[in-house]
Amino acid sequence: MKKNIFGMVTLLSVVALAACGSNGGGTDSSGGSSNSATETEDVSSFPTSVTNDADAVDGGTLDVAVVMDTQFQGLFQTEFYQDNYDAQFMLPSNESLFLTDSDFKIVDGGAANLEIDQDNNTATITLRDNLKWSDGEDVTADDVIFSYEVIGNKDYTGIRYDSNFTNIIGMEDYHDGKSDTISGITKESDKVVTIEYKQVHPGMLQAGGGVYSSALPKHTFDGVAIKDMESSDQVRKNPVVFGPYVMSNIVAGESVEYTPNEYYYGGKPKLDKLSFKAVPSASIVEGLNAKQYDIALSMPTDTYPTYKDTDGYQILGRPEQAYTYIGFKLGTWDADANEVVTNPDAKMADKSLRQAMGYALDNDAVGSRFYNGLRTNATTLIPPVFGTLHNTEIEGYTYNIDKANQLLDDAGYKDVDGDGMREDKDGEKLTINFASMSGGETAQPLADYYIQQWNEIGLDVQYTTGRLIDFQAFYDKLENDDPEIDVYQGAWGTGSDPSPMGLYGPNAAFNYTRFSSDENTKLLEAIDSTDSFDDTKRKEAFDAWQEYAFDEAFVIPTLYRNEVLPISDRVKDFDWAYDVDHNPWATVSVTAESR
């Protein structure tokens with residue numbers, strides 16, 4: 001989902017996945033439902049805000065763990081960050097321009113207001129008068145425009161230049177060096193910017209849905225070439241922001257400390273200091289038991305029983321705007337043309353092969369047995385968190401070994417030499433290279449389970465590099481279309497715009513499968529068309545694309561994710577709901593000096 005693909009703090013939620021262990025139990029080959037003795041949890045019954053009636057103390061420090069089994073990259077400007085770990089560390093400091101409601105639609109009242117004019121194909125961004133950067137300078141229209149100029153420049157090294165930017169009048173001429181300015185972007189005043197598009201679409205009413213939701217402090221980058229910005233101190237060491245806190249001390253890859261932004265438009269934050277620290281998944285429960293942390297972000301759900309009753313903590317919960325998936329490499333990325341190039345002769349080009357690999361997996365059992373019901377079998381690429389836009393009629397790839405074998409037989413994948421493994425359709429040896437990330441207790445068992453199930457239907461699947469791959473190296477291989485990857489396991493954070501164009505469109509750098517077709521593009525464009533301002537037509541467009549994506553199986557969703565948040569009893573005024581009308585880090589406080 002395009003989500004934010006540029007814009008909000010929920011991009012790549014590439015997180016260590018989880019695990020299914022043995023093949024015992026589960027469904028039968030006809031796809032019947034699983035039986036599990038594991039106690040499961042209903043995340044819908046979890047609170048989204050803390051309960052604490054005690055009085056807050058003046059100031060205080062909040063210690064936050066970010067559970068991760070790698071080092072964060074430390075790209076702390078929205079234009080440059082690429083993964084969910086940096087996004088977690090940016091939560092107290094980097095704020096979206098726009099507020100959203102419970103349907104993830106943009107509403108007035110945030111750092112800026114947005115108006116979409118369908119008749120004139122324009123979007124108008126109006127910054128609030130008292131919006132300032134953390135160094136005291138006003139946030140201006142020039143800063144909003146600067147973000148577009150950086151992302152649209154040919155020397156930009158980030159990943160946010162996609163169809164949402166090329167949709168802007170004059171952007172392609174600017175990107176190609178034919179113009180020094182973007183003709184479709186107009187500075188109306190110091191606080192107002194108007195952007196003219198080739199076509200506006202209903203996704204623009206959602207945060208991250210087409211109108212870029214951040215600004216970049218132009219004055220701090222004076223003299224820094226765009227090609228050097230990603231490695232600059234302004235991004236990595238002392239980012240200037242307009243959120244409630246500012247990064248005051250960064251230990252690369254390990255921790256970040258924050259102090260209040262005295263210029264924050266929402267009033268002075270209540271704490272003296274925030275401290276975020278990267279904590280390995282293997283030691284976070286011990287840390288909670290020792291009361292080392294007030295909050296644990298990105299908490300693994302596979303180990304939920306080990307911490308759900310930890311003394312001194314409440315557990316908040318909510319559905320994630322995210323899903324895990326199996327992706328199939330079907331082509332390459334042409335960086336010069338900024339487009340996907342699908343290879344019709346790719347090893348995984350036969351959709352029957354892809355479908356069979358989907359039917360071989362029992363994700364109901366994975367979610368129940370290894371995630372205590374906090375993850376559930378995924379059926380389409382539009383998660384249920386998006387309400388009516390999720391197509392409930394699609395059953396998805398439920399466990400059915402017989403169907404998997406039949407698909408392979410009919411497609412011509414036969415065991416020619418009698419070794420128990422199928423050859424390709426030409427009778428040649430078929431080895432499928434599978435890439436998956438390391439991290440967490442269940443990453444290895446889950447990946448082993450997938451290989452075991454694919455072996456069961458006669459597919460010789462081997463690990464790329466012979467083992468699981470570190471988070472950063474894994475996504476580097478995907479982005480660079482490593483030829484040793486045929487199939488991979490990943491996860492997406494969708495952000496607040498359900499449109500899938502930014503993840504699966506022909507010009508989306510995040511389209512790591514490199515699948516493209518005229519029909520796929522047509523269906524995606526229907527979702528983002530002006531016709532879809534009509535809710536009925538929008539629903540029809542979403543349903544049609546989900547049906548097509550299910551059939552083509554270029555990506556097979558595996559699990560919908562719910563997330564939980566252990567939070568200390570001394571924490572007050574923290575609301576984790578998606579539609580909260582303020583930045584939750586601006587209001588959080590503590591009611592005791594120590595835990």
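Criteria and cut-off values
Residues numbered from 1 in each chain as written. Predicted model: local features only at pLDDT ≥ 70, side-chain atom pairs only at ≥ 80, totals over all residues. Heavy atoms only, no water. Helix = DSSP H or I, 4+ residues; strand = E, 2+ residues; numbered from the N terminus. Rg over C-alpha atoms; globule rule 2.2 N^0.38 Å. Buried < 20%, exposed > 50% of the residue type's maximum accessible area, 1.4 Å probe, protein only. Contact = heavy atoms within 4.5 Å. Areas by Shrake-Rupley, 256 points an atom, 1.4 Å probe, with all protein chains shown as cover. Lys, Arg positive; Asp, Glu negative; His and termini not counted. Charge placed at Lys NZ, Arg CZ, Asp CG, Glu CD. Phe/Tyr/Trp six-rings, centres within 6.5 Å; stacked < 30°, edge-to-face > 60°. pLDDT = per-residue confidence, 0-100. Arc of directions from axis to C-beta. Polar contact = N/O pair within 3.5 Å; in protein donor to acceptor, adjacent residues only side chain to side chain. Expected span 1.5 Å × (residues − 1). Axes fitted to C-alpha atoms, helices over the stretch in contact; angles between N-to-C directions. Parallel < 35°, antiparallel > 145°, perpendicular 65-115°, else oblique. Nonpolar A, V, L, I, M, F, W, Y, C, P; charged D, E, K, R; others polar. Left-handed = near helix turned anticlockwise from the far one by under 90°. Pairing = 2+ DSSP bridges. Core = buried A, V, L, I, M, F, W, Y, C linked by side-chain atoms within 4.5 Å.

A.B. asks: Could you give me a rundown of the overall build of the protein chain, with the residues and numbers involved?
C.D. replies: What the protein chain contains, in helices and strands, is 15 helices and 21 strands. Whereas a compact globule of 595 residues would reach a radius of gyration of roughly 25 Å, the protein chain reaches 24 Å, a difference of no more than 12%. Overall, the C-alpha framework of the protein chain stretches about 75 × 60 × 45 Å when taken along its three principal axes. Expressed as a percentage of the 595 residues in the protein chain, the buried residues total 60%. Look at the contacts in the protein chain between residues 6 or more apart in sequence, and 74% of them connect residues 24 or more apart. When the accessible surface of the protein chain is split by element, carbon and sulfur atoms take 42% of a total near 22,100 Å². One way to put it: in the protein chain the 44 positive side-chain charges average out to a point 2 Å from where the 99 negative ones average out.

A.B. asks: Quick rundown of the packing of aromatic side chains? Include the residues and the values.
C.D. replies: In the structure shown here, the tally under the stated rule is 38 aromatic pairs. Relative to Phe221, the ring of Phe146 has its centre 6.2 Å away and its plane inclined at 45 degrees; by these criteria the two rings are tilted. Remark: Phe221 occurs in the loop between β7 (192–196) and α5 (233–236) and Phe146 occurs in helix α2 (residues 141–152); sequence separation between them is 75 residues. Take Phe146 and Phe221: they sit in the same class, and that class is buried. In textbook terms, an aromatic cluster arises when at least three aromatic residues are bridged by ring pairs, as seen for Tyr85, Tyr323, Tyr325, Phe471, Phe474, Tyr475, Tyr488, Trp492, Phe510 and Tyr512.

A.B. asks: For the confidence of the model for the protein chain, give the residues involved together with the corresponding values.
C.D. replies: As a note on interpretation, predicted positions should not be read in detail where pLDDT is low. Considering every residue of the protein chain, the mean pLDDT works out to 90; 93% of them sit at 70 or more. Between residues 1–38, whose pLDDT stays under 50, and residues either more than four places distant or in other chains, the model counts 172 contacts.

A.B. asks: Before we move on, can you summarise helix α11 (residues 471–479) with the specific residues and values?
C.D. replies: Of all the positions in α11, only Phe471, Phe474, Tyr475 and Leu478 are classed as buried. One side of α11 holds all its buried residues, which, seen down the axis, span an arc of 85 degrees. Where α11 is buried, its residues contact α1 (84–90), β16 (431–435) and β18 (487–493). Where α11 begins, the capping side chain belongs to Asp470, and its oxygen is found 3.1 Å from the backbone nitrogen of Gln472. Of the residues flanking the end of α11, it is Asp481, one or two places downstream, whose phi is positive at about 50 degrees.

A.B. asks: Tell me what's going on with α2, and back it up with residues and numbers.
C.D. replies: The first and last C-alpha atoms of α2 sit 17 Å apart over 12 residues, in line with the 16 Å expected at 1.5 Å per residue. With 10 of 12 residues buried, α2 lies mostly within the body of the structure. Along α2, the positions that sit buried rather than exposed are Ala141, Asp143, Val144, Ile145, Phe146, Ser147, Tyr148, Val150, Ile151 and Gly152. Next to the buried residues of α2 lie β5 (122–127), α3 (163–166), α4 (171–175), β6 (185–189) and β7.

A.B. asks: How would you sum up the packing of helix α7 (residues 351–359) against helix α14 (residues 535–552)? Please name residues and give values.
C.D. replies: Put simply, α7 and α14 touch, their axes get as near as 8 Å, and they point 95 degrees apart. When the interaxial angle is binned, α7 and α14 end up roughly perpendicular. Packed against α7, whose contacting residues are Lys351, Arg354, Gln355 and Tyr359, the element α14 presents Phe550, Asp551 and Glu552 at the interface. Partitioned by chemical class, the residues of the contact of α7 with α14 number two nonpolar, one polar and four charged.

A.B. asks: Kindly report on the packing of α7 against helix α9 (residues 401–411), identifying the contributing residues and their values.
C.D. replies: The interhelical angle for the contact between α7 and α9, taken along N-to-C directions, is 165 degrees, at an axis separation of 8 Å. With respect to α9, the axis of α7 lies roughly antiparallel. In this structure, the crossing between α7 and α9 has a hand that is left-handed. Two secondary-structure elements touch here, α7 through Ser352, Leu353, Gln355, Ala356 and Tyr359 and α9 through Ile401, Lys403, Ala404, Leu407, Leu408 and Ala411. For the contact of α7 with α9, the residue count by class is eight nonpolar, two polar and one charged.

A.B. asks: Mind laying out the sheet that holds β7, listing which residues take part and the relevant values?
C.D. replies: With antiparallel pairing, the four strands of this open sheet are ordered in space as β4-β5-β7-β6. The sheet is open, and its two borders are formed by β4 (112–117) and β6, each paired with just one other strand. Averaged over all adjacent pairs, the angle separating strand axes in this sheet is 20 degrees, with direction ignored. Across the sheet, α2 lies against β5, β6 and β7, angled at about 170 degrees from β6, the strand it touches most.

A.B. asks: Which residues make up the nonpolar core, and what are the values?
C.D. replies: With 156 residues, the main nonpolar core has Tyr148, Trp454 and Phe574 as its most contacted residues. Contacts of Tyr148, omitting those with residues within four sequence positions, involve Ile125, Phe165, Ile168, Met171, Tyr174, Ile182, Ile185, Ile195, Tyr197, Val211 and Tyr212. Core analysis: the second largest hydrophobic core is formed by 16 residues, Phe46, Val67, Ala296 and Leu374 among them.

A.B. asks: So, the side chain of Asp294: which residues are in play, and what are the values?
C.D. replies: Relative to the helices and strands, Asp294 resides in the loop between α6 (284–289) and β11 (295–297). A relative accessible area of 0% places Asp294 in the buried class. Contacts of Asp294, omitting those with residues within four sequence positions, involve Thr61, Leu62, Asp63, Tyr313, Pro566, Ile567, Ser568, Arg570, Val571 and Arg595.

A.B. asks: Give a detailed account of unusual backbone geometry, specifying residues and quantitative values.
C.D. replies: Of note in this structure, Asn372 is not a glycine but carries a positive phi near 55 degrees. Its place among the elements puts Asn372 in the loop between α8 (363–371) and β15 (375–377). Phi is positive for Thr465, which is not a glycine, with a value near 70 degrees.

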